[in-house]
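Examination of the molecular architecture
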Amino acid sequence: MIDTAWQGTVEFYELVFGTWLAYIFLVLMWERVLKAPLPEWKYALITFLGAGAFWVNHYFQHAPLYRELLNSYSVAFLVVYYSVCVRPQRRAAGWTVAATLTAVVFTVAFILFENIARFGFNRGIHEFWFMLIAYFGFLFLILWRGRALGSRGAE
């Protein structure tokens, strides 16, 4: 069983608030900065795996093996990110290195988006409002990406 004393300070409303913003960030980074649009399932997979770090940070932040868990999860995330998003592009070495490093940029952005909710909560804004904003954010995301997919055709 998971020891409740291991639980960290990362809360679910932070994850939910950060996820839709991280998805948008990932799409814009690949489509506008790297100029290499990915199939939608790859954006969903990477965001899902990025959100999975919540398990480590919420349930194991004070566990004896926290660093090992976090480092293992980070390496696995980087391997999947490279394998699914970067390697299939078969581009020049410089682009490949830069694209691989966007995994770190994505992770930092995800954490920053989560911390917007934490910052607001710590300033007295109830978590309900961050969940409500996230709900409408996900609706926006679905409509936005649905239109983008419709204009490109099924991939």
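Quick notes on the rules
Residues numbered from 1 in each chain as written. Predicted model: local features only at pLDDT ≥ 70, side-chain atom pairs only at ≥ 80, totals over all residues. Heavy atoms only, no water. Axes fitted to C-alpha atoms, helices over the stretch in contact; angles between N-to-C directions. Helix = DSSP H or I, 4+ residues; strand = E, 2+ residues; numbered from the N terminus. Parallel < 35°, antiparallel > 145°, perpendicular 65-115°, else oblique. Contact = heavy atoms within 4.5 Å. Nonpolar A, V, L, I, M, F, W, Y, C, P; charged D, E, K, R; others polar. Buried < 20%, exposed > 50% of the residue type's maximum accessible area, 1.4 Å probe, protein only. Expected span 1.5 Å × (residues − 1). Arc of directions from axis to C-beta.

**Things to note about the packing of helix α2 (residues 40–59) against helix α3 (residues 66–86)**
Look at α2 against α3: their axes get within 10 Å of each other, and the N-to-C directions meet at 175°. Taken as axis vectors, α2 and α3 run roughly antiparallel relative to one another. Each of Trp41, Lys42, Leu45, Ile46, Leu49, Gly50, Gly52, Ala53, Val56 and Asn57 in α2 lies in contact with α3, whose residues at this interface are Tyr66, Leu69, Leu70, Tyr73, Phe77, Val80, Tyr81, Val84 and Cys85. Grouping the constituent residues of the contact of α2 with α3 by class yields 15 nonpolar, three polar and one charged.

**Remarks on unusual backbone geometry**
Here the phi dihedral of Lys35 falls at roughly 55°; this positive angle occurs in a residue that is not glycine. Its location among the elements puts Lys35 in the loop between α1 (12–33) and α2. Although it is not a glycine, Arg90 sits at a positive phi angle of roughly 50°. Following the sequence through the fold, Arg90 ends up in the loop between α3 and α4 (93–122). Of the residues examined, Arg90 reaches a relative accessible area of 74% and is grouped as exposed.

**Considerations on α3**
Under the 1.5 Å per step criterion, the end-to-end length of α3 is 28 Å for 21 residues, consistent within 8% with the ideal 30 Å. Regarding α3, the residues found buried are Tyr66, Phe77, Tyr81, Val84, Cys85 and Val86. Relative to the axis of α3, the buried residues are bounded by an arc of 145° and lie together on one face.

**A closer look at α2**
Under the 1.5 Å per step criterion, the end-to-end length of α2 is 30 Å for 20 residues, consistent within 8% with the ideal 28 Å. Within α2, 14 of the 20 residues are buried, leaving the element largely enclosed by the surrounding structure.

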